[in-house]
Amino acid sequence: MNDRNNQHLTNNAQSLRKTMTKEERHLWYDCLKNLPLTINRQKVIGRYIVDFYCAEKSIVIELDGSQHYEGPGLESDQVRDSYLQSKGIRVLRYANSDISRNFDGVCQDIRIHLGLEE
């Protein structure tokens, strides 16, 4: 499989952009979209589709539902994170509940990691 040009993943990523979760929409429209850096939504990297990606800073931002905190979801995320880290990409993970309960704190943390705040 050619990781750089996998049409199935590209089509899936395009579909996911149209059907973002409410937490992804909130983070995108109310925080990430207007940052002074290019942030891509549902970006294909290797054999994975990441929620948000800033190539300039080599940072992936993932929003995790409950399935990410147990069993296969947790194990899959560890493999995925290891792959991304091997490519020099830092992964920031936030729970969907963080978006609901501490949105401003999540946005501030992201801006700090992107070097936009101290």
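Residues numbered from 1 in each chain as written. Predicted model: local features only at pLDDT ≥ 70, side-chain atom pairs only at ≥ 80, totals over all residues. Heavy atoms only, no water.

Here we take up the sheet that holds strand E2 (residues 48-54). Pairing is mixed in the open sheet, where four strands are placed in the order E1-E2-E3-E4. The two strands at the open ends of the sheet, each matched to only one other strand, are strand E1 (40-45) and strand E4 (90-95). Each adjacent strand pair in this sheet contributes to an overall mean axis angle of 45°, direction not counted. Here E2 pairs with strand E3 (residues 59-64) via three bridges, running antiparallel. Bridging across to E3, Cys54 finds its partner in Ile59. The strands touched by helix H5 (residues 103-113) within the sheet are E3 and E4, with E4 carrying the most contacts at an inclination of about 175°. (Pairing = 2+ DSSP bridges. Helix = DSSP H or I, 4+ residues; strand = E, 2+ residues; numbered from the N terminus. Axes fitted to C-alpha atoms, helices over the stretch in contact; angles between N-to-C directions. Contact = heavy atoms within 4.5 Å.)

Quick look at the confidence of the model for the chain now. Scored by pLDDT, the chain has a mean of 86; 81% of the residues are at 70 or more. No element of the chain has a lower mean pLDDT than helix H1 (residues 7-18), at 68, and none a higher one than H5, at 97. (pLDDT = per-residue confidence, 0-100.)

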